[in-house]
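Here are the chains, one letter per residue:
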Amino acid sequence: MMMVGETWSQLGSLIGTAMFLWAMFDKYFPHHLRSLILSHTKKLTSLVYPYIQIKFPEFTGEYLKRSEAYAAIETYLSSKSSSEAKSLKAVVVKDSSQPVQLSMDENEEVTDEFEGMKVWWGVKKIPPRTQSFSFYPAMEEKRYYKLTFHKSHRETLCGKYINHVLQEGKAITVRNRQRRLCINNPSQNWGGYRSTKWSHVTFEHPASFDTLAMDSKKKEEIINDLIKFSEGKEYYAKIGKAWKRGYLLYGPPGTGKSSMIAAMANYLNYDIYDLELTTVKDNTELRRLLIETTSKSIIVIEDIDCSLDLTGQRKKKKEQEKDEEKEDPASKMAKGEEESSSKVTLSGLLNFIDGLWSACGGERIIVFTTNYVEKLDPALVRRGRMDKHIEMSYCGFEAFKVLAKNYLAVDSHELFATIDHLLEETDMTPADVAENLMPKSQNEDAETCLKKLIEAIKTAKEEATKKAEEEARLKAGKEEKEKQEATQEDVKENGVDVVKDDKTLGNEVKENGVTA
């Protein structure tokens, strides 16, 4: 026992002596001499120590900006830290579906393996050398991750492994993030502290392709197109084209264009940027908004035919002047106010979706919606800009079955045949069908809702018939009126007088000396 006690006593004395000498060395040795001794010590150590260490500081580059590499490593190691480390730290993550992320605490270490090579990750903290007041004490502590591996694996780990860690960490962040629905702010609100060009809320729309009222083959075609796009980074780079795709959704109101956009965002896990063109002053602001959008996003311009005067065939100068002359002062004033509020041009919009600026960033989908596709300028919707045109049509039987499954949990019913026959003869939007299928009270069952839908379709059919008859009558009256006007013009051109009234005829008889 005495020998053990003496051994511990001697070991304690040696440690105390070493600490004293290190303190004296660190405090009193000149800086240049201290650096020289440490550098030679490291060289001697490297001869017998076969491992390499790489540090990743938490704060680097721009002042007050957290390193993206540090954040990606922290996310990548989160699962390993929670399963291996004994001392953990909870990190609050903003805009994430997992608001608390577990990471290693200081002086902890976890192992990882890559292509059969073992590495060690540790997190360290260097306290400030002097005690001082700071608004940012976290930055003064200088945290960093330390990667340790054998020097024989240097080439592989310094290249492929580090890139793998950073890419996987960013991918995990994207998968865990809360998806956002963004709207552009007016340019007068872009300045000031913490101001942004886009405001956002959490996107929680429940629409999916399973609940979308559409023909199954058409849905499958759209899904395959989206998958091909999302996995096409290398392909787009190979063909020399910006990694983006345009979709044009067109059809009558209530056919599910907005639901289609939500289903696309949910399927791809993309953010949505709802661009309101009327608040954008000019093309420059439009480009600045595009730069601020992130990858893995859908940029939406709804009702493009109503957003700005960008629709229809481009008129000749004389036709434009003629139209301006016909305008009344009130319409001219309204038009002037509209032009002054936004000077976004068709050329600027085309450059936004298909020009040089569209290549700023990748993995973006641009979606236009319209109720009247024939009003749009052909240059706006040609292939290459709006690559895929999707018609959102009236509700067919396949779409009805999806709605019946969603709203009533019914796959088949004896009334389906009647509904199928009626839908072939009548145009009814999926929104109208869904409204009639939705139970309005606890007493309404599936059969009641289906009967209610049948009555609604019959009523819509009768109204459509009456409307068609009225339009035909008005059209016939208009044609008859135009025909009469054309006949009168022909009579005047041929020098034939129109039949005169009785008073005029009497005057002519008296002048000729004939008694009427």
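Scroll up for the structure.
The structure displayed is predicted, hence computed values, not measured ones. The residue numbering used here restarts from 1 in each chain and proceeds along that chain's sequence as written. Residues qualify for local features only when their pLDDT is at least 70, as the model is predicted, and side-chain atom pairs are given and counted only at 80 or more; totals for whole chains, interfaces and linings, by contrast, use all residues. Only hydrogens and water are set aside; all other atoms, that is, all heavy atoms of the structure, feed into the side-chain values.

A short note on the pattern of salt bridges
Take a side-chain nitrogen of Lys or Arg and a carboxyl oxygen of Asp or Glu: if they are within 4 Å of each other, that pair is a salt bridge. Per the counting criterion, the structure on display carries 22 salt bridges. Between D411 and K405 there is a salt bridge, with the nearest N and O atoms lying 3.4 Å from each other. Remark: exposure states derive from per-residue accessible area (1.4 Å probe, protein chains only) relative to the maximum for the residue type, with buried under 20%, exposed over 50%, and partly exposed in between. Residue K405 is classed as partly exposed on the basis of its relative accessible area of 43%. The closest approach of N and O atoms between K440 and E435, which form a salt bridge, is 3.5 Å. For K440, a relative accessible area of 45% corresponds to the partly exposed category. Through salt bridges with shared partners, a single ionic network connects E58, R66, E74, K89, E106 and R143.

Things to note about a nonpolar patch on the surface
On the surface, a nonpolar cluster with roughly 420 Å² of combined accessible area is contributed by L11, L14, I15 and M19. Overall, the relative accessible area of 60% leaves L14 in the exposed class. A residue counts toward a patch only above 30% relative accessible area and without a salt bridge, and it is joined to like-charged neighbours within 9 Å or, for Val, Leu, Ile, Met, Phe, Trp and Tyr, to nonpolar neighbours within 5 Å. Accessibility throughout is a Shrake-Rupley quantity obtained with a 1.4 Å probe, and a residue counts as covered only by protein chains that appear here.

Overview of the pairing of strand 13 (residues 388-391)
One face of the sheet, then the other: side chains in a regular strand alternate in exactly this way. What counts as a helix is a DSSP run of H or I of at least four residues, what counts as a strand is a run of E of at least two, and both are numbered from the N terminus. Burial along strand 13 is one-sided: the face carrying K388 and I390 is buried and the face carrying H389 and E391 is not. Two strands are said to pair when DSSP picks up at least two bridges between them. As defined by bridge partners, strand 9 (residues 244-250) adjoins strand 13 across 4 bridges and the pair is classed as parallel. The partner of Y250 across the bridge, within strand 13, is E391.

Digging into the packing of aromatic side chains
Within 6.5 Å between ring centres, the rings of Phe, Tyr and Trp (the latter by its six-membered ring) count as paired, and their orientation is classed by plane angle as stacked under 30 degrees, edge-to-face over 60, tilted in between. Here the structure, examined in full by the defined rule, presents 14 aromatic pairs. Joined through ring pairs, the aromatic side chains of F56, Y70, F114, W121, Y145 and Y161 make up one cluster. Our definition puts a charge over a ring when NZ of Lys or CZ of Arg is within 6 Å of the ring centre and also within 35 degrees of the ring normal. It is K55 that lies over the ring of Y144; its NZ or CZ is 4.9 Å from the centre. The ring of Y372 is capped by K375, whose NZ or CZ atom sits 4.6 Å from the centre of that ring.

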